[in-house]
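Each chain, letter by letter, is given below.
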Amino acid sequence: MPSRDRSRTLAEAAALLGRKVAARREQRGLTQERLAELSGISRNQIQNIERSRNNSTDPRTGRPGPGNARLDTIYRLADALEVEVAWLVDRSDLSLTPPSRRHERE
C-alpha cells in the first residue's frame, strides 16, 4: 500500500474511532470529564481522540497533527464506555451504536 493511501486509511480509522467514542459517551450520558475519570485518560486526550487530532503541530500547515490513539488508551476507553475494543477499531462497522458486550450476554 503506498504511503499516501496508508496515511488516508489511518486518518479515516482515527476519525471513525473518534466518532464512535463521542457517540458512545453521549449514549451513556457522560461528559468528557466523567469519561476521563472513569478511564484514567485526560479530558484533553479524550477531546483529541474525538476530534481525531493530537497536540503536535504539522510544521508545513500549522494545523494539529492527526489522531493516533495508543492501544492501551483504546482498551481503557472501551472499558469505561462498556464496549468491545473490536467495535471501536472495526472500520467495517460504521454503526455508532455498539453491539451488546459479549460478557453481558453470558
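To be clear, the structure that these remarks concern was listed above.
Quick look at the structure, then. (Residues numbered from 1 in each chain as written. Predicted model: local features only at pLDDT ≥ 70, side-chain atom pairs only at ≥ 80, totals over all residues. Heavy atoms only, no water.)

**Points about the overall build of the protein**
And step 1. Across its full length, the protein carries six helices and two strands.
And step 2. For the protein, the α and β elements follow one another from N to C terminus as α-α-α-β-β-α-α-α.
And step 3. Residue burial in the protein is summarised as follows: out of 106 residues, 34% are buried.
And step 4. Within the protein, counting contacts between residues at least 6 apart in sequence, those at least 24 apart form 50% of the total.
And step 5. Working note: accessible area of the protein is about 7,000 Å², and carbon and sulfur atoms make up 46% of it. (Helix = DSSP H or I, 4+ residues; strand = E, 2+ residues; numbered from the N terminus. Buried < 20%, exposed > 50% of the residue type's maximum accessible area, 1.4 Å probe, protein only. Contact = heavy atoms within 4.5 Å. Areas by Shrake-Rupley, 256 points an atom, 1.4 Å probe, with all protein chains shown as cover.)

**Digging into the pattern of salt bridges**
And step 1. The full count for this structure, using the stated rule, is six salt bridges.
And step 2. Among the salt bridges present, the one from Glu26 reaches Arg25, with a minimum N-O distance of 3.9 Å.
And step 3. A relative accessible area of 56% means that Glu26 is categorised as exposed.
And step 4. Glu50 serves as the salt-bridge partner of Arg25, at 2.6 Å between the closest nitrogen and oxygen. Remark: Glu50 occurs in helix H3 (residues 43-50) and Arg25 occurs in helix H1 (residues 3-27); sequence separation between them is 25 residues. Comparing Arg25 with Glu50 shows no difference in burial state: the two are buried.
And step 5. Connected through salt bridges with shared partners, the residues Arg25, Glu26 and Glu50 form a single ionic network. (Salt bridge = Lys/Arg side-chain N within 4 Å of Asp/Glu carboxyl O.)

**Brief notes about helix H2 (residues 32-39)**
And step 1. If you check which residues of H2 are buried, you get Gln32, Leu35, Ala36 and Ser39. Down the axis of H2, the sector holding all buried residues measures 105°, keeping them to one side.
And step 2. Once H2 ends, the next one or two residues include Gly40, with phi positive near 75°. (Arc of directions from axis to C-beta.)

**As for the layout of surface pockets**
And step 1. Within this model, the largest pocket holds a volume of roughly 550 Å³.
And step 2. In terms of lining, the largest pocket is formed by 21 residues, of which the most central are Ser7, Leu10, Ala11, Pro66 and Gly67.
And step 3. Elements with a minimum of two residues in the lining of the largest pocket: H1, strand E2 (64-66) and helix H5 (85-89).
And step 4. When residues of the lining of the largest pocket are assigned to their parent elements, the largest contribution, six residues, is made by H1.
And step 5. Looking at the lining of the largest pocket, its residues break down into eleven nonpolar, six polar and four charged. (1 Å grid on protein atoms, 1.4 Å probe; cavity = no way out; pocket = protein on both sides within 12 Å on 5 of 7 lines; lining within 4 Å. Points joined across faces, edges and corners; volume = space filled by probe spheres on them. Nonpolar A, V, L, I, M, F, W, Y, C, P; charged D, E, K, R; others polar.)

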